[in-house]
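Architecture and fold: a report
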Amino acid sequence: MLAGCVPGSDDFVVVDDAGRGPFDASLQDSGPRDGGPRDGGPHDAGPGDAGADGGPVFTPTALDVECGSVWTDSDGTGPCAGREVVTVAVPFQCLDVAVARAADGTITAAFNDSEGFDVGRIGTAVFHEDAAGSASPGPTIEPESTFGDVVGVDLALATEPPDIHHIAYWLRSDFGHEVRYRRLRGGVFTPVQTLETGVGRTGVVDVAIDSDRRAVVAWHDDTSGENAVRREVEGEAFSPTVNVRTDGDPRIEGGGAAALHPGRSGRMHFAYQWCISLAASAPSYSVASGTMWSTARTLDNQAIANRASGVAADVTLVGDEVVVAYLDWIDGVGELRFARFIGSDEVSTEVYLADLRIADRPGDHPLVLQTDAEGLLSLLVADAGFSLTRLQWHRQTRVGGEVRWLVDTIAEITAPPEEVHVAMVLGPDRRPHIVYWDRTEIRYATARP
């Protein structure tokens with residue numbers, strides 16, 4: 001029976017699509033590659049080519065030095081210069097967080113603020129990246145009913161340059177659960193657009209802006225098991241829902257995972273946790289051109305072993321290479337893995353972090369993967385024990401022409417990782433802008449170059 005769920009060819013499902021003007025939403029140049037992971041333009045055919053024709057030679061900054069101390073305990077001097085952790089909001093309880101950066105350096109942190117199980121809103125904190133200590137409350141999205149509405153059970157932000165933020169969020173309501181979407185323009189949320197009704201109480205969402213400046217929203221419904229997407233079309237409306245892949249059994253622990261990343265020429269990359277059976281899951285991937293979505297690919301656990309793989313999946317691009325990060329767990333031990341491939345090439349998997357001690361089958365894990373302006377990976381992840389979440393920022397650097405990983409520990413939180421919600425966005429200077437919930441406060445963490 002399960003064999004019928006395993007993807008075959010890379011056929012496309014065609015839905016009408018209308019394009020509009022070009023806009024490169026990725027960090028990579030649209031020219032062909034020239035001997036390196038980051039290429040700034042076409043081949044120059046000259047001698048001594050280093051593979052980065054259009055940009056300067058890599059110059060290390062303070063980001064390329066390991067701190068050596070936990071940021072929350074550091075005095076911000078010496079090798080820890082520029083590290084900062086600041087409280088920007090104190091909700092009663094928090095179910096998720098998101099963060100966005102405008103072109104002028106203004107940071108918007110969004111978070112769920114719940115009062116028990118019956119009512120919750122989305123709050124925001126707004127501040128400049130160089131003045132986090134002066135954060136002020138921003139606009140909110142309030143519940144529509146005094147009881148029974150929890151706004152932002154899950155939420156995500158994406159920025160359309162220079163300063164329009166797009167927010168997708170999950171509404172849990174006694175009157176019907178929904179996937180919703182708004183824009184944040186000039187400090188004001190636009191009226192709500194409901195993208196899906198009849199979903200379950202829990203799920204996950206993501207939003208991204210494609211190269212045509214159109215919003216794409218994806219979600220995983222923990223009740224139906226659908227991994228679905230909608231793309232913005234003319235007039236700020238959305239195309240019909242496309243169900244990219246349905247779980248074999250959605251009852252596995254947790255709400256699943258859904259992550260988008262824009263590519264060139266209107267393409268959108270979608271990674272998600274495919275729940276195959278009550279005991280088995282796998283990271284899965286689909287790609288779209290406009291609203292044409294490919295048949296799904298299973299990236300790991302093709303043998304359908306009884307293990308939780310694909311937990312908290314996130315996706316990015318390094319040049320033409322797709323990189324998916326995810327947690328793979330079995331019998332109390334987890335591994336942070338990368339799956340890598342180009343186009344329809346064979347998928348290679350590698351273990352990046354091993355021996356993550358997680359007692360119970362995880363439904364989520366703090367994990368964000370992005371590519372910086374130098375074409376280097378930046379990873380926010382928890383290296384966790386049974387009762388301690390060690391929140392870490394891993395990033396690549398170049399030393400003597402070789403790519404190496406560096407690691408800083410941001411905070412050590414006495415809580416299981418599923419209760420520590422995180423978000424990260426990178427600035428054009430590779431600077432991380434991190435927001436996380438430590439069970440008591442919403443905190444902003446950064447490292448200045």
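Please read all numbers here as calculations on a predicted model, not as lab measurements.

Rules and cut-offs
- Residues numbered from 1 in each chain as written.
- Predicted model: local features only at pLDDT ≥ 70, side-chain atom pairs only at ≥ 80, totals over all residues.
- Heavy atoms only, no water.
- Pairing = 2+ DSSP bridges.
- Helix = DSSP H or I, 4+ residues; strand = E, 2+ residues; numbered from the N terminus.
- Axes fitted to C-alpha atoms, helices over the stretch in contact; angles between N-to-C directions.
- Buried < 20%, exposed > 50% of the residue type's maximum accessible area, 1.4 Å probe, protein only.
- Polar contact = N/O pair within 3.5 Å; in protein donor to acceptor, adjacent residues only side chain to side chain.
- Phe/Tyr/Trp six-rings, centres within 6.5 Å; stacked < 30°, edge-to-face > 60°.
- Lys NZ or Arg CZ within 6 Å of the ring centre and 35° of its normal.
- Contact = heavy atoms within 4.5 Å.
- Core = buried A, V, L, I, M, F, W, Y, C linked by side-chain atoms within 4.5 Å.
- Disulfide = S-S within 2.5 Å.

1. Examining the sheet that holds strand β12 (residues 203-209)
Spatially, the four strands line up as an open sheet ordered β12-β13-β14-β15, and their pairing is antiparallel. Of all strands in the sheet, those with a lone pairing partner are β12 and β15 (242-246), marking the two edges. Between one strand and the next, the sheet's axes are offset by a mean angle of 15°, whatever the strand orientation. Two strands pair when backbone bridges link them, and strand β14 (residues 226-231) and β15 are joined in this way by four bridges, in the antiparallel orientation. Following the sheet pairing, glutamate 226 is matched in β15 by threonine 246.

2. A look at the side chain of arginine 214
By secondary structure assignment, the location of arginine 214 is in the loop between β12 and β13 (215-221). For arginine 214, a relative accessible area of 0% corresponds to the buried category. Of note is the side chain of arginine 214, whose polar atom sits 3.1 Å from the backbone oxygen of valine 233. Of note is the side chain of arginine 214, whose polar atom sits 3.2 Å from the side chain of glutamate 234.

3. Quick word on the packing of aromatic side chains
Each aromatic ring pair is described using two quantities: the centre-to-centre distance and the angle formed by the ring planes. Counting across every chain of the model gives nine aromatic pairs. Ring geometry for tyrosine 181 against phenylalanine 238: centres 4.9 Å apart, planes inclined by 75°, an arrangement best described as edge-to-face. Linking tyrosine 181 in strand β9 (residues 177-185) with phenylalanine 238 in the loop between β14 and β15, this pair joins segments that are 57 residues apart in sequence. Taking the relative accessible area as the measure of exposure, tyrosine 181 reaches 0% and is therefore buried. Note on phenylalanine 238: relative accessible area 10%, which makes it buried. Pairing tyrosine 285 with phenylalanine 341 gives two aromatic rings, centres 4.9 Å apart and planes at 75°, and the pair type is edge-to-face. Of this pair, tyrosine 285 sits in strand β18 (residues 281-289) while phenylalanine 341 sits in strand β23 (residues 333-341); the two residues are 56 residues apart in sequence, bridging distant segments of the chain. As far as the burial class goes, tyrosine 285 and phenylalanine 341 line up, both buried. Among the aromatic residues, those joined into a ring-pair cluster are Phe270, Tyr272 and Trp293. Above the plane of the ring of tryptophan 393 lies arginine 395, whose end atom (NZ or CZ) is 4.2 Å from the centre. Taking NZ or CZ as reference, arginine 398 lies 5.8 Å from the ring centre of phenylalanine 58, over its face.

4. Concerning the environment of alanine 382
Secondary-structure assignment places alanine 382 in strand β26 (residues 377-384). For alanine 382, a relative accessible area of 0% puts it in the buried group. Counting along the chain gives 16 residues from alanine 382 to proline 366, while the straight-line C-alpha distance between them is 5.6 Å. Each residue touching alanine 382, except ones within four places of it in the same chain, is listed here: Leu356, His365, Pro366, Thr389, Arg390 and Pro417.

5. Details of the nonpolar core
By size, the foremost hydrophobic cluster in this structure holds 21 residues, and its most contacted members are Trp71, Leu380, Ile410 and Tyr436. Every element with two or more residues in this core is listed here: β27 (389-399), β28 (402-413), β29 (422-426), β30 (432-437) and β31 (442-447). Formed by 19 residues, the second largest nonpolar core is a distinct cluster that contains Leu353, Leu356, Leu367 and Leu379.

6. Section: the state of the cysteines
If you walk through the whole model with that rule in mind, you get one disulfide. With a sulfur-sulfur separation of 2.0 Å, cysteine 67 is cross-linked through a disulfide to cysteine 80. Judged by the sign of its S-S torsion, about 95°, the cystine formed by cysteine 67 and cysteine 80 is right-handed. Separated by 13 residues along the polypeptide, cysteine 67 in the loop between β1 (12-13) and β2 (83-89) and cysteine 80 in the loop between β1 and β2 bring together distant segments of the chain. Both residues of the pair, cysteine 67 and cysteine 80, count as buried.

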